[in-house]
Number of protein chains: 2
Amino acid sequence: MDALMRKTLLLSSLALFFASAIATAAVKPETAIRYRQSVYTMIGWNFVPLVKMMKGEAPWDSATFARHAERIASLSPQLLEGFPEGSDKGAETEAKPEIWQSMDDFKSKMDALVTQSRLLADVAKAGDEAKTREQFKKTAGACKSCHDKYRSEE
Amino acid sequence: MDALMRKTLLLSSLALFFASAIATAAVKPETAIRYRQSVYTMIGWNFVPLVKMMKGEAPWDSATFARHAERIASLSPQLLEGFPEGSDKGAETEAKPEIWQSMDDFKSKMDALVTQSRLLADVAKAGDEAKTREQFKKTAGACKSCHDKYRSEE
């Protein structure tokens, strides 16, 4: 490695380091908490019509199901960034401190939600009601698995 | 039109009517208010890094810009359903009552945001900084145009 390449690499690393430092420093705990609660609220808003169809409280409508499922699949990967280090307090939150003590496990549960909700969106788009119902249960299971361990519900 | 076709059409219309009645009846004003505020919070969360790049407070990063712009483009069309009839009150809200008195104008401002934010996501993905900066201003203008008229900021 010559000197110029070494210097270029160093500058790139520094730029990346500061970019990430700036991004992290900018987020106050209460802002992150408000953000993640917003993502959950949006997921819940889109979940309600699916639950109604699952329970037969609303007529089954594949197109509506698929639209809401697609939104949930696209919202789920946006949750994790709402849990930066230090956002265990700063505003009212149901997120248990265990999240930051077991971040790898928490991330794997988030990954499971991302995977299951993407599968749900895809199967719902294909339009088979029985398969959609089955995949809905797996997705709801991914929600529950994380809530049981990491959400303090009052 | 024969009698059977007439009956089928009537039943379809009734089903649609009740489906929409169920969907509408289910949403409490405070739920809609919380939902729409969540969409705005998510848009804001994704807007901040763009503003920092625009102002030179963070280094320009096309990939990061495009990722956040794509999210804003996908969130914007989800705003309007957070303003159902009757949700002008029910919880603290900055939405002015004029929204429901001028729904057509409000919708056209929402459409402008959907259009401009989609253009921003597309131009950002293409990676030309100058064009992205120009389109960012148009998108921010679409936000401002609606806020000026319909948002009561304390």
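About the cut-offs
In this convention, every chain numbers its residues from 1, walking through the sequence in written order. Naming scheme: in the order in which they are written, chains are lettered from A and ligands are numbered from 1. Owing to the predicted nature of the model, reporting of local features is limited to residues with pLDDT of at least 70; listing and counting of side-chain atom pairs is limited to 80 or more, with chain, interface and lining totals taken over all residues. Derived side-chain values reflect all non-hydrogen atoms in the structure, with water molecules and hydrogen atoms excluded from consideration. Numbering of helices and strands runs from the N terminus, with a helix taken as a DSSP run of H or I at least four residues long and a strand as a DSSP run of E at least two residues long. To sort residues, take the accessible area from a 1.4 Å probe on protein chains only and compare it with the maximum for the residue type: under 20% means buried, over 50% means exposed, and anything in between is partly exposed. Residue contacts are counted whenever heavy atoms from the two residues lie within 4.5 Å of one another. The method behind every accessible area is Shrake-Rupley, applied with a 1.4 Å probe, and residues are considered shielded solely by the protein chains displayed. Every angle, taken between N-to-C directions, lies between 0 and 180 degrees, and every axis is a line fitted to C-alpha atoms, over only the stretch in contact when it is a helix. For classification purposes, an angle smaller than 35 degrees is called roughly parallel, one larger than 145 roughly antiparallel, one from 65 to 115 roughly perpendicular, and anything else oblique. The hand of a helix crossing depends on one turn: near helix anticlockwise from the far one by less than a right angle means left-handed, and clockwise means right-handed. We call Asp, Glu, Lys and Arg charged. Ala, Val, Leu, Ile, Met, Phe, Trp, Tyr, Cys and Pro are nonpolar, and the rest, Gly among them, are polar. What a helix should span is 1.5 Å times the count of its residues minus one. N or O atoms closer than or at 3.5 Å make up a polar contact, with two conditions inside protein: a donor-capable atom paired with an acceptor-capable one, and, for residues adjacent in sequence, both atoms drawn from side chains. Only residues with pLDDT of at least 70 in both copies count here: their C-alpha atoms drive the least-squares fit that superposes the copies. By definition, disulfides here are pairs of cysteine sulfur atoms that lie within 2.5 Å. Summed over both partners, the accessible area lost on bringing two parts together, with a 1.4 Å probe, is the buried area. Each salt bridge in this description consists of a side-chain nitrogen of Lys or Arg and a carboxyl oxygen of Asp or Glu lying within 4 Å of one another. The quantity called pLDDT is the predictor's confidence in a given residue, expressed from 0 to 100. Each nonpolar core is a collection of buried residues, namely Ala, Val, Leu, Ile, Met, Phe, Trp, Tyr and Cys, held together in the definition by side-chain atoms within 4.5 Å.

*Asks:* Which residues make up the overall build of chain A, and what values do they have?
*Replies:* The number of helices and strands found in chain A is six helices and zero strands. Seen in sequence order, chain A has helices and strands lined up from the N terminus as α-α-α-α-α-α. Classification of the 154 residues of chain A by burial places 34% in the buried group. Considering only intrachain contacts with a sequence separation of at least 6, the fraction spanning at least 24 residues in chain A is 74%. Element-wise, carbon and sulfur atoms account for 59% of the exposed surface of chain A, whose accessible area totals about 8900 Å².

*Asks:* Before we move on, could you go through the packing of helix H2 (residues 29–55) of chain A against helix H3 (residues 62–75) of chain A and cite the residues and values that matter?
*Replies:* Residue and element names in this part refer to chain A. Remark: H2 packs on H3, axes separated minimally by 9 Å, with the N-to-C direction vectors making an angle of 155°. Considering the angle they form, H2 stands roughly antiparallel to H3. Relative to H3, H2 is oriented so that their crossing is left-handed. Of the residues in H3, those in contact with Val39, Met42, Ile43, Asn46, Phe47, Pro49, Leu50 and Met53 of H2 are Thr64, Phe65, His68, Ala69, Arg71, Ile72 and Leu75. Per-class residue counts for the contact of H2 with H3 are 11 nonpolar, three polar and one charged.

*Asks:* Pulling in residues and values, what's your account of the side chain of threonine 41 of chain B?
*Replies:* Turning to its location among the elements, threonine 41 of chain B is positioned in helix H2 (residues 29–55). Judged by relative accessible area, threonine 41 of chain B falls into the buried class, the value being 14%.

*Asks:* Report on helix H3 (residues 62–75) of chain B, specifying residues and quantitative values.
*Replies:* In an α-helix there are 3.6 residues to a turn, and that puts residues three or four apart on one side. Under the 1.5 Å per step criterion, the end-to-end length of H3 of chain B is 20 Å for 14 residues, consistent within 8% with the ideal 20 Å. Taken together, the buried positions of H3 of chain B are Thr64, Phe65, Ala66, His68, Ala69, Arg71, Ile72, Ala73 and Leu75 of chain B. Looking at the packing, one finds that the buried side of H3 of chain B touches H2 and H3 of chain A together with H2, helix H5 (103–126) and helix H6 (129–150) of chain B. Measuring from the side-chain oxygen of the N-cap residue of H3 of chain B to the backbone nitrogen of alanine 63 of chain B gives 3.1 Å; that N-cap residue is aspartate 61 of chain B.

*Asks:* An account of the relation of the copies chain A and chain B is needed here, citing residue identities and associated values.
*Replies:* In the superposition of chain A on chain B (RMSD 0.0 Å, axial shift 0.0 Å), the rotation amounts to 180°. Within this description, the copies of the chain are treated as partners about a two-fold rotation axis. For chain A, the minimum C-alpha distance to the rotation axis belongs to serine 38 of chain A and amounts to 2.1 Å. The share of interface residues of chain A whose copies in chain B are also at the interface is 100%, consistent with both copies meeting through the same surface.

*Asks:* Explain the state of the cysteines residue by residue, including any values.
*Replies:* All names here are of chain A. The final tally for this structure, using the stated rule, is zero disulfides over all chains. For cysteine 146, which is in no disulfide, the shortest distance to another cysteine sulfur is to cysteine 143 and amounts to 8.9 Å. Classification of cysteine 146 by relative accessible area gives buried; the value is 9%.

*Asks:* Give a description of the interface of chain A and chain B that names residues and reports values.
*Replies:* Listed by partner, the interface residues are 23 residues for chain A and 23 residues for chain B. Both faces considered, chain A and chain B share a buried interface measuring about 2100 Å² in area, 67% of it formed by carbon and sulfur atoms. Connecting chain A to chain B are two salt bridges. When the shortest N-O distance is used, the salt bridge between arginine 71 of chain A and glutamate 81 of chain B registers 2.9 Å. Here chain A and chain B share six residue pairs in polar contact (both at pLDDT 80 or more) between them. Mapped onto the side of chain A that touches chain B, the elements with two or more residues apiece are helix H1 (3–25), H2 and H3 of chain A. It is H2 of chain A that contributes the most residues to the side of chain A that touches chain B, 11 residues altogether. Here the side of chain A that touches chain B is built from residues that sort into 12 nonpolar, six polar and five charged.

*Asks:* Please set out the confidence of the model for chain A residue by residue, giving values where relevant.
*Replies:* Per-residue confidence for chain A gives a mean pLDDT of 90; residues scoring 70 or more make up 82%. The ipTM, which scores confidence in the relative placement of chains, is 0.84 for this predicted complex, and the corresponding pTM is 0.84.

*Asks:* Can you explain the nonpolar core? Please cite residues and give values.
*Replies:* Within the largest apolar cluster, 68 residues are counted, with the highest numbers of intra-cluster contacts made by Phe65 of chain A together with Phe65, Phe83, Ile99 and Phe106 of chain B. Look past the residues within four positions of phenylalanine 65 of chain B in its chain and what remains in contact with it is Leu50, Met53, Trp60, Leu120, Ala124, Thr132 and Phe136 of chain B.

*Asks:* Could you give an account of the environment of threonine 64 of chain B, naming the residues involved and the relevant values?
*Replies:* All names here are of chain B. Relative to the elements of secondary structure, threonine 64 occurs in helix H3. The buried category is assigned to threonine 64, whose relative accessible area is 18%. Distance in space between the C-alpha atoms of threonine 64 and phenylalanine 106 is 31 Å, their sequence separation being 42 residues.

*Asks:* An account of the environment of proline 29 of chain A is needed here, citing residue identities and associated values.
*Replies:* Residues and elements named next belong to chain A. Locating proline 29 in the fold gives a position in helix H2. Separated by 55 residues in the primary sequence, proline 29 and proline 84 have C-alpha atoms spaced 7.8 Å apart. The contact partners of proline 29, leaving out residues within four places of it in the chain, are Gly86, Ser87, Lys89 and Gly90.

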